[in-house]
Amino acid sequence: MRASLIQIAVNEDETVEARRVRAAALVREQAGADLVVLPELWTTGAFAYEEFDAAAEPLRGPTYEAMAKAAGDAGVWLHAGSVPERDPGGRIYNTSLLFSPAGDLAASYRKIHRFGFDKGEAVLMGAGREPVTVRLPETTLGVATCYDLRFPELFRSLVDAGAEILVVPAGWPERRRSHWTLLAQARAVENQAFVLACGTAGAHAGVPQAGHSIVVDPWGEVLAEAGADEEVLTVEFDPVRVARTREQFPALKDRVLGLDPPRG
């Protein structure tokens, strides 16, 4: 399986429309990949809180249309990162869009854990409630977004639903980059799954971004890691390694807490 993580730069001197066009072109350039991933809130920037309201769009808005077309043109599964989605009632969510190689919407995911500690995203956006997995021909994806990475119980629920690859788009700040790498490896090791974590480059509302998108295997080994600037990180791996790892080292079978109590 070949995956390409597009670590796009988000800078204030580029309009949202121009970045949308550029992101679509980058997706099209990945024709031949099986899976392409964009970061969190790459249209506005994850820390550009004051832009969320004006930039919010319906689920099937301009970003949806551009990414659906790009996925279809490239013939790839596309995790198009996330956008500020405004629902029919006016509430805004941090919503990820996933498209099939035909350009059809395969799933959407509203971020469950909102960052901000009672300000920013935490008060401006609603919280999602449902974990989401997507079945690909080769494997099953479990999806999460940025701050979700700090909550292992979400990833356990994705694994219980069959996830073998955990995809995490993010707008992670440079000042906590060490946490980004550490948590990506931890989620891979404890769930014996691949982790594909795609961040942004540039700066969001003056907050420098970590970049360093990363792909981690089920043993916690880093298969590929980007630098700090915009780039496309491409890696090939075999999803079958998940089942092999879980068979060779069956730690997940020894789980006790968090499982349904025995009956009878």
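All of the points below concern the structure found in this document. (Residues numbered from 1 in each chain as written. Predicted model: local features only at pLDDT ≥ 70, side-chain atom pairs only at ≥ 80, totals over all residues. Heavy atoms only, no water.)

**Description of the overall build of the chain**
So, point 1. Helix and strand counts for the chain stand at seven helices and 15 strands.
So, point 2. Its C-alpha atoms give the chain a radius of gyration of 17 Å, within 12% of the compact-globule value 18 Å for 264 residues.
So, point 3. With respect to the principal axes defined by its C-alpha atoms, the chain has extents near 55 × 40 × 35 Å.
So, point 4. Scored against the burial criterion, the 264 residues of the chain give a buried share of 56%.
So, point 5. Once local pairs closer than 6 in sequence are excluded, the contacts in the chain between residues at least 24 apart make up 67%.
So, point 6. Roughly 11200 Å² of accessible area belongs to the chain as shown, and the carbon and sulfur atoms make up 52% of that amount.
So, point 7. Of the side chains in the chain, 27 bear a positive and 37 a negative charge, and the two mean positions are spaced by 4 Å. (Helix = DSSP H or I, 4+ residues; strand = E, 2+ residues; numbered from the N terminus. Rg over C-alpha atoms; globule rule 2.2 N^0.38 Å. Buried < 20%, exposed > 50% of the residue type's maximum accessible area, 1.4 Å probe, protein only. Contact = heavy atoms within 4.5 Å. Areas by Shrake-Rupley, 256 points an atom, 1.4 Å probe, with all protein chains shown as cover. Lys, Arg positive; Asp, Glu negative; His and termini not counted. Charge placed at Lys NZ, Arg CZ, Asp CG, Glu CD.)

**Regarding the sheet that holds strand 3 (residues 35-37)**
So, point 1. An order of 6-5-4-3-1-15 is seen for the six strands of this open sheet, with the pairing classed as mixed. Pairing within the sheet leaves two strands with one partner each, and these edge strands are strand 6 (105-110) and strand 15 (231-236). Strand-to-strand twist across the sheet, computed as the mean angle between neighbouring axes with direction ignored, equals 20 degrees.
So, point 2. Where strand 1 (residues 2-7) lies against strand 3, three bridges are found, and the strand directions are parallel. When the sheet's bridge partners are listed, Ala 3 is paired in strand 3 with Leu 35.
So, point 3. Strand contacts of helix 3 (residues 62-74): strand 4 (77-86), strand 5 (92-99) and strand 6, with the helix running at about 15 degrees to strand 5, the strand carrying the most contacts. (Pairing = 2+ DSSP bridges. Axes fitted to C-alpha atoms, helices over the stretch in contact; angles between N-to-C directions.)

**Some details on empty space enclosed by the protein**
So, point 1. Scanning the entire structure with this criterion turns up one cavity of 30 Å³ or more.
So, point 2. The computed volume of the largest cavity comes to approximately 30 Å³.
So, point 3. If you trace the largest cavity, you find it lined by Leu 35, Trp 77, Leu 78, His 79, Leu 98, Phe 99, Ala 106, Val 134, Leu 136 and Leu 141.
So, point 4. At the level of secondary structure, the elements contributing two or more residues to the lining of the largest cavity comprise strand 4 and strand 5.
So, point 5. Ranked by the residues each element gives to the lining of the largest cavity, the list is headed by strand 4, at three residues.
So, point 6. Looking at side-chain class alone, the lining of the largest cavity contains nine nonpolar, one polar and no charged residues. (1 Å grid on protein atoms, 1.4 Å probe; cavity = no way out; pocket = protein on both sides within 12 Å on 5 of 7 lines; lining within 4 Å. Points joined across faces, edges and corners; volume = space filled by probe spheres on them. Nonpolar A, V, L, I, M, F, W, Y, C, P; charged D, E, K, R; others polar.)

**What about helix 6 (residues 177-191)?**
So, point 1. Taking 1.5 Å of rise per residue, 15 residues should cover 21 Å, and helix 6 covers 22 Å from first to last C-alpha, within 8% of that figure.
So, point 2. Looking at helix 6, one finds that the buried residues are Trp 180, Thr 181, Leu 183, Ala 184, Arg 187, Ala 188 and Asn 191.
So, point 3. Buried positions along helix 6 lie against helix 5 (152-160), strand 9 (165-169), strand 10 (194-198), strand 13 (214-216), strand 14 (222-225) and helix 7 (240-248). (Expected span 1.5 Å × (residues − 1).)

**Overview of the side chain of Thr 43**
So, point 1. Tracing the backbone shows Thr 43 in the loop between strand 3 and helix 2 (52-55).
So, point 2. With relative accessibility at 1%, the residue Thr 43 sits in the buried group.
So, point 3. With near-sequence residues (within four places) excluded, Thr 43 lies in contact with Val 16, Arg 19, Thr 63, Val 83 and Pro 84.

**Re the layout of surface pockets**
So, point 1. Of the voids in this model, the largest pocket is the one considered here, and its volume is about 250 Å³.
So, point 2. Of all elements in the fold, only helix 1 (16-28) and strand 11 (201-204) reach the threshold of two or more residues within the lining of the largest pocket.
So, point 3. Considered class by class, the residues forming the lining of the largest pocket number six nonpolar, five polar and five charged.
So, point 4. Together, 17 residues line the second largest pocket, and Phe 47, Phe 115, Cys 146, Tyr 147 and Gly 171 are the ones closest to its centre.
So, point 5. The residue makeup of the lining of the second largest pocket, split by class, is eleven nonpolar, one polar and five charged.

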